[in-house]
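# Descriptive analysis of the structure
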Amino acid sequence: EIANKPVVNPVAALQGKIAGVQVINSGKAGADPEIRVRGTNSINGYKPLYVVDGLFNDNINFLNPQDIESMTVLKDAASTAIYGSRASNGVIIITTKKGSDSKLNVQFTTTNTVQTRAQMVDILSADEFRSVINAQGTDAQKALLGTANTDWYDEVYRTALSTDNNLSLSGTLVKGLPFRASVGYANQNGIIRGDKSERFTGSLVLNPSFFQDHLKLTLNAKGSLTKNSFYNGNAIWAAATFNPTLPVRSGSSALGGYTESIDATGNPINTAAGQRNPRGLVDMYDAGSDVKRFIGNFDVDYKLHFFPDVKLHATVGTDVAEGKGHTRVPDYAASYFFDGGYNYNYGPQKKLNNLLTVYANYGHYFEAAKSNVDATIGYDYQYWKSTSPATTEYNMAGAQLKTHKAEDYRHTLLSYYGRVNYSFDGRYLLTATM
C-alpha cells in the first residue's frame, strides 16, 4: 500500500491508515509531514521515534518509499516502554526490503502527479475592491486605486507537476548471497512558485545465511542527496492582501520592474513584507539547500545450535548527514531595499549518529502448562554529534547584517533493558518491561 501511494515521503503514506494516528501534510515540496501518534501530551513535542532497520532516526525523508517492506506503529505504553522516554510520542518501526533466494528480478516504477490549490481564502476581486473603496474610502485611498485586474493568487500559486522513478534489482547473483539494489529519482514541485525538491537515492542490501539458517547476516547501505529550493513564505500573505487593482509590472526598471507601494521619492514604503508585490517576493528570492546522507548498518542474528530457543542479535550502525544552503535577495528588491539586499551562506552542518545494539531472546512454549514465555535482555549504545560553523549574514554589498556562533552538540545514551512476555492458554497475557 505504501508503494502504491503517490507520495515522496513515506510518512505521508500513513495518512488515514491507522486509527488515532494524525498525519498532516504541509504541501511544501520535500517537507516532513506533521505526524502525531499519541497527541501532544509530551514535553518533548509530538514527533515520534523512528527506527529504521534497528537504527534510530529523527526523520525518514531520505527513505525511498519503494524500498520499504513494512511500517509498524507502536502507540500504547507497553509496546513503547522498551525504548524509554524517547518513545513517549510513539514509535514507528520501518523495515526495508531485502534480497531473496530467487532468480534475478528487475522492477521499474514511475509515479507522476499533478497538484493544484484548493480552498483558498475568499477575497474581493479587483472590481469588487474598487467598488468598496469608491463607496466607502477616503479621497487618498481612492487615489491609490489602479485600473488593472490582477489575481495575485495566480501570480504566486501554480499547478505543480511531480515525478518519482525507481529501479530495483533483487535475487541471487552468487549462490548463497541474496541481494537487493535500487536507485531512485524524485522531483517534487510545490504549488507555490520557487518551491521544489529533488531527491536522488540508492540502496544496497546483502543478506546471506549460514549453518542451515542458524546464522544470518545483513549488510544494509543507503545514500541520498536532496536538493531543495525554498519559496518566500511572505508571498502567501501578500497574495491575499495586496491591492488587486495594481498591475504586476510597473513598466520601469526600478525595484526589479515590479509594481510596489512607493513614496514621493520613488522608494518603497517601509512597511511589512506582506505588503510587497507578491510576484516580486517569489521571483526575487533565491534560497536552497543541499543535503547528503548515508546510513549503514550490519546485523548479526544467531540461533544457538545447542539451545535453539535462544537467539542472539547484534547491530552496528552509523548515520552521517551534511547540509549547506543559501538565501539571496537582490539589493533592488523592495523586501530588502533598505538593507541593500541579502546574502547568506550557511553550513556545512554535520550530524553523526552511531549505534551499537546487542540483545538475547529466549522463547519457548510449555505445552503441558499451556504457557508461552518470551524474554529479552539487551544493551544499547548511541552517540550523537552535531556541528555547524560560525556564519555571517551580509547584504549584497558585503556589509555585515548579523552573525551566528558556531555550534557543537554531543551526547551519549546508554540503555539496559529487559522484557518478559507471558501468556497462558492464549487468553491471559502479562508483559513486564524494565
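Anything mentioned here points back to the structure above.
Not measured: the values here are computed from a predicted model.

The rules behind each value
- Residues numbered from 1 in each chain as written.
- Predicted model: local features only at pLDDT ≥ 70, side-chain atom pairs only at ≥ 80, totals over all residues.
- Heavy atoms only, no water.
- Helix = DSSP H or I, 4+ residues; strand = E, 2+ residues; numbered from the N terminus.
- Rg over C-alpha atoms; globule rule 2.2 N^0.38 Å.
- Buried < 20%, exposed > 50% of the residue type's maximum accessible area, 1.4 Å probe, protein only.
- Contact = heavy atoms within 4.5 Å.
- Areas by Shrake-Rupley, 256 points an atom, 1.4 Å probe, with all protein chains shown as cover.
- Lys, Arg positive; Asp, Glu negative; His and termini not counted.
- Charge placed at Lys NZ, Arg CZ, Asp CG, Glu CD.
- Core = buried A, V, L, I, M, F, W, Y, C linked by side-chain atoms within 4.5 Å.
- Arc of directions from axis to C-beta.
- 1 Å grid on protein atoms, 1.4 Å probe; cavity = no way out; pocket = protein on both sides within 12 Å on 5 of 7 lines; lining within 4 Å.
- Points joined across faces, edges and corners; volume = space filled by probe spheres on them.
- Salt bridge = Lys/Arg side-chain N within 4 Å of Asp/Glu carboxyl O.
- Polar contact = N/O pair within 3.5 Å; in protein donor to acceptor, adjacent residues only side chain to side chain.
- Nonpolar A, V, L, I, M, F, W, Y, C, P; charged D, E, K, R; others polar.
- Pairing = 2+ DSSP bridges.
- Axes fitted to C-alpha atoms, helices over the stretch in contact; angles between N-to-C directions.
- Phe/Tyr/Trp six-rings, centres within 6.5 Å; stacked < 30°, edge-to-face > 60°.
- Lys NZ or Arg CZ within 6 Å of the ring centre and 35° of its normal.

## Section: the overall build of the chain
- Counting its regular elements, the chain contains 6 helices and 20 strands.
- Over its C-alpha trace the chain gives a radius of gyration of 28 Å, far above what one expects of a compact globule, namely 22 Å for 434 residues.
- Each principal axis of the C-alpha distribution contributes one length, and for the chain these read about 95 × 45 × 45 Å.
- In the chain, which comprises 434 residues, the proportion classed as buried is 39%.
- When contacts within the chain are restricted to residue pairs at least 6 apart in sequence, long-range pairs at least 24 apart make up 66% of them.
- Per element, the accessible surface of the chain, about 23300 Å² overall, is 55% carbon and sulfur.
- If the 41 positive side-chain charges of the chain are averaged to one point and the 39 negative ones to another, these points end up 4 Å apart.

## Things to note about the nonpolar core
- In this structure, Ile35, Ile60, Met71, Tyr83, Ile92 and Ile94 are the most contacted members of the largest nonpolar core, which totals 32 residues.
- Only β3 (49–52), β4 (55–57), β5 (68–74) and β6 (91–96) provide two or more residues apiece to this core.
- Trp152, Tyr157, Phe242 and Val329 belong to the second-largest nonpolar core, a separate cluster that totals 20 residues.

## Notes on helix α2 (residues 126–136)
- All of the buried residues in α2 are Ala126, Arg130 and Ile133. Taken around the axis of α2, the buried residues stretch over an arc of 70°, which confines them to a single face. Exposed side chains of α2 directed beyond 90 degrees from the buried face belong to Asp127, Ala135 and Gln136.
- Buried-residue contacts for α2 involve α3 (139–142).

## A word on empty space enclosed by the protein
- Within this structure, the stated rule accounts for 3 cavities of 30 Å³ or more.
- Taken as a whole, the largest cavity encloses approximately 80 Å³ of empty space.
- Lining the largest cavity are 13 residues; nearest its centre among them are Phe62, Thr201, Gly202, Lys222 and Gly223.
- Sorting the residues of the lining of the largest cavity by element identifies β10 (196–206), β12 (215–230) and β13 (286–303) as the ones contributing at least two each.

## Focus: the side chain of Asp164
- Looking at where Asp164 falls in the secondary structure, it is placed in strand β8 (residues 160–174).
- Summary of buried charges: Asp164 has no salt-bridge partner, and the nearest side chain of opposite charge, Arg199, is 4.7 Å away.
- A polar atom in the side chain of Asp164 sits 3.3 Å from the side chain of Asn166.

## A word on the layout of surface pockets
- Approximately 890 Å³ is the volume found for the second largest pocket.
- Looking at the second largest pocket, it is lined by 34 residues, and the ones nearest its centre are Gly54, Tyr83, His313, Thr357 and Tyr359.
- The dominant element in the lining of the second largest pocket, judged by the number of residues it contributes, is β13, at 5 residues.
- The residue inventory of the lining of the second largest pocket, partitioned by class, reads 11 nonpolar, 12 polar and 11 charged.

## Quick word on the pattern of salt bridges
- What the rule picks out here adds up to 14 salt bridges.
- Note that Asp286 is salt-bridged to Arg328, the shortest N-O span being 3.9 Å. Taken as a pair, Asp286 in strand β13 and Arg328 in strand β14 (residues 310–329) lie far apart in primary sequence, 42 residues in all.
- The structure contains a network of salt bridges with shared partners spanning Asp58, Arg293, Asp319 and Lys351.

## Quick word on the sheet that holds β6
- Pairing is mixed across the open sheet formed by 4 strands, whose spatial order is β4-β3-β6-β5. The strands lining the two open edges of the sheet, one partner per strand, are β4 and β5. Averaged over neighbouring strand pairs, the angle between their axes works out to 25° when direction is ignored.
- Sheet analysis places β3 next to β6, joined by 4 bridges and oriented parallel. Residue pairing for β6: Tyr50 is matched across the bridge by Ile92.

## Describing unusual backbone geometry
- Cis peptide bonds are those with omega within 30 degrees of zero, and the linkage from Gly347 to Pro348 qualifies with 5°.
- Looking at the secondary structure, you find Pro348 in strand β15 (residues 342–366).
- Positive phi, close to 70°, is recorded for Asp213, a residue that is not glycine.
- Locating Asp213 in the fold gives a position in the loop between β11 (209–210) and β12.

## Notes on the side chain of Thr376
- Checked against the element boundaries, Thr376 lands in strand β16 (residues 371–388).
- You can call Thr376 buried: its relative accessible area is 10%.

## Structural notes on the packing of aromatic side chains
- Counting across every chain of the model gives 11 aromatic pairs.
- Plain terms: the ring middles of Tyr185 and Phe200 are 5.0 Å apart, the flat faces sit at 40° to each other, and that makes the pair tilted. Taken as a pair, Tyr185 in strand β9 (residues 177–189) and Phe200 in strand β10 lie far apart in primary sequence, 15 residues in all.
- Among the aromatic side chains, those forming a connected cluster through ring pairs are Tyr336, Tyr342, Tyr344 and Tyr346.
- Stacked on the ring of Tyr258, the Lys or Arg Arg249 has its end atom at 4.1 Å from the ring centre.

Treat this as a map of the structure, not an account of what it does.
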